Amino acid sequence: MTSGQGRAAVVTGASSGIGEATVRRLTADGWQVWAVARRADRLARLGDETGAVPVALDITDDDGVARLLDEVTGAGGIDTLINIAGGARGTDWVADARTEDWEWMYGANVVGTMTLTRAFLPMLRKHGHGTVLNLTSTAALVAYEGGAGYNAAKAAQRAMTRALRLEEVEHNVRVVEVLPGMVQTEEFALNRLGDAAAAEKVYAGVAEPLTAADVADVVAYAVSVPHHVNLDEIVVRPVAQAANHKVIRRS
């Protein structure tokens with residue numbers, strides 16, 4: 001792996017979970033990091049603890065993203081964009097789908113990733129050794145009942161990532177996709193299900209689901225290897241999850 005000295009990144013979804021863990025890992029490795037999310041209070045604490053630059057904004061807001069781009073440009077720019085912001089809402093079957101949940105998931109996972117990537121691509125191209133890493137999900141690979149909205153959003157984000165790799169190779173921009181399986185974070189299942197007891201059941205009996213730090217380690221490795229090495233697609237699951245439908249649970 002290369003040193004983080006002289007490296008700079010924007011990381012979205014930075015106020016919790018995998019995004020926060022990635023900010024912590026990269027700053028510990030010597031990277032300059034802009035930590036982006038909506039919750040200013042949590043970002044401020046993260047900035048105090050890590051030295052990351054906190055930027056509170058909605059990644060689907062063009063004006064907010066333009067202000068971020070101006071700030072980053074004024075500070076010397078980045079070589080790496082890490083799109084982690086996203087999430088799931090609800091477990092309704094298609095017959096009972098809530099339009100607002102589907103629109104939120106598409107915005108958070110697809111439109112937000114597009115908006116940030118579109119804004120920073122000229123900078124990454126000019127740098128000459130730019131990297132875009134998108135965090136998708138194994139939900140993009142295998143559909144399941146009650147997951148259609150999240151399946152669709154993550155599959156769309158994955159398709160965009162694969163197209164981006166083809167489009168940007170001539171500019172020497174490498175494009176990485178990390179697809180986590182079961183990750184136990186403080187908010188993901190709770191936000192999706194809206195109930196703490198239901199969220200706990202997701203991980204019930206699973207000895208060692210992945211942690212946010214586990215995935216952050218993978219992200220950090222993928223963006224730190226020499227630039228000519230592109231880890232196109234990285235699927236990472238806990239050992240107890242052999243596939244999306246095969247999870248070992250013990251009492």
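What this report covers is the structure whose coordinates are included nearby. No experiment lies behind these values; they were computed from the predicted model shown.

How each quantity is defined
- Residues numbered from 1 in each chain as written.
- Predicted model: local features only at pLDDT ≥ 70, side-chain atom pairs only at ≥ 80, totals over all residues.
- Heavy atoms only, no water.
- Axes fitted to C-alpha atoms, helices over the stretch in contact; angles between N-to-C directions.
- Helix = DSSP H or I, 4+ residues; strand = E, 2+ residues; numbered from the N terminus.
- Parallel < 35°, antiparallel > 145°, perpendicular 65-115°, else oblique.
- Left-handed = near helix turned anticlockwise from the far one by under 90°.
- Contact = heavy atoms within 4.5 Å.
- Nonpolar A, V, L, I, M, F, W, Y, C, P; charged D, E, K, R; others polar.
- Pairing = 2+ DSSP bridges.
- Core = buried A, V, L, I, M, F, W, Y, C linked by side-chain atoms within 4.5 Å.
- Buried < 20%, exposed > 50% of the residue type's maximum accessible area, 1.4 Å probe, protein only.
- Salt bridge = Lys/Arg side-chain N within 4 Å of Asp/Glu carboxyl O.
- 1 Å grid on protein atoms, 1.4 Å probe; cavity = no way out; pocket = protein on both sides within 12 Å on 5 of 7 lines; lining within 4 Å.
- Points joined across faces, edges and corners; volume = space filled by probe spheres on them.
- Expected span 1.5 Å × (residues − 1).
- Right-handed = clockwise from strand over helix to strand, strands pointing away.

### Describing the packing of helix α1 (residues 17–28) against helix α2 (residues 40–50)
Interhelical geometry of α1 versus α2 gives an angle of 20° and a closest axis separation of 10 Å. By the angle between their axes, α1 is roughly parallel relative to α2. In this structure, α1 meets α2 at a crossing whose hand is right-handed. Taken together, the residues of α2 that come into contact with α1 (itself represented by E20, V23, R24 and T27) are R42, L46, E49 and T50. Split by residue class, the contact of α1 with α2 holds two nonpolar, two polar and four charged.

### Some points on the sheet that holds strand β6 (residues 174–180)
Strand order in the open sheet formed by seven strands is β3-β2-β1-β4-β5-β6-β7, with parallel pairing between adjacent strands. Across the chains shown, the open sheet's two edge strands, defined by having one partner strand only, are β3 (53–56) and β7 (233–236). Here the average twist between neighbouring strands, direction ignored, is 15°. Strand direction decides the pairing type here: strand β2 (residues 32–37) and β3, joined by four bridges, are parallel. Bridged to V36 within β3 is V55. Across the face of the sheet, helix α4 (residues 99–127) comes into contact with β1 (8–12), β4 (80–83) and β5 (131–135) while running at roughly 175° to β4.

### Topic: the side chain of E20
Tracing the chain through its elements places E20 in helix α1. Apart from the residues lying within four places of it in its own chain, the contact partners of E20 are G13, A14, S15, R42, L46 and E186.

### So, the nonpolar core
Formed by 31 residues in total, the largest nonpolar core has its most connected members in V23, L26, I82, L133, V178 and V215. Every element with two or more residues in this core is listed here: β1, α1, β2, α2, β5, β6, α8 (212–224) and β7. Examining the composition of this core, we find that seven residues originate from one element, α8, more than from any other.

### Quick word on the pattern of salt bridges
All told, the structure shown has 15 salt bridges when counted by the stated rule. Notably, a salt bridge pairs D29 with R25, separated by 2.8 Å at the nearest N-O pair. Overall, D29 belongs to the partly exposed group, its relative accessible area being 28%. Here D217 makes a salt bridge to R25, at a shortest N to O gap of 2.7 Å. Separated by 192 residues along the polypeptide, D217 in helix α8 and R25 in helix α1 bring together distant segments of the chain. The partly exposed category is assigned to D217, whose relative accessible area is 38%. Looking at R25, the relative accessible area reads 23%, which means it is partly exposed. Salt bridges sharing common partners tie together E20, R24, R42 and E49.

### Some details on empty space enclosed by the protein
Applying the stated rule across the entire model yields one cavity of 30 Å³ or more. The computed volume of the largest cavity comes to approximately 70 Å³. Looking at the largest cavity, it is lined by 14 residues, and the ones nearest its centre are R89, G90, D92, W102 and M105. Taken together, the elements giving at least two residues each to the lining of the largest cavity come down to α4 and α5 (148–168). Class assignment of the residues belonging to the lining of the largest cavity gives a composition of four nonpolar, five polar and five charged.

### Observations regarding α5
In a regular helix each residue adds 1.5 Å, so 21 residues correspond to 30 Å; α5 covers 30 Å between its end C-alpha atoms and thus fits that length. What α5 keeps buried is the set G149, Y150, N151, A153, K154, Q157, R158, T161, L164, R165 and E168.

### A few points about the pairing of β6
Across the seven residues that make up β6, a large majority, seven, are buried. Here β6 shows two buried faces, one formed by R174, V176, V178 and P180 and the other by V175, E177 and L179. Direction of pairing for β5 relative to β6: parallel, over a ladder of five bridges. Directly across from T131, in β6, lies its bridge partner R174. This β-α-β element, β5 to α5 to β6, shows right-handed connectivity.

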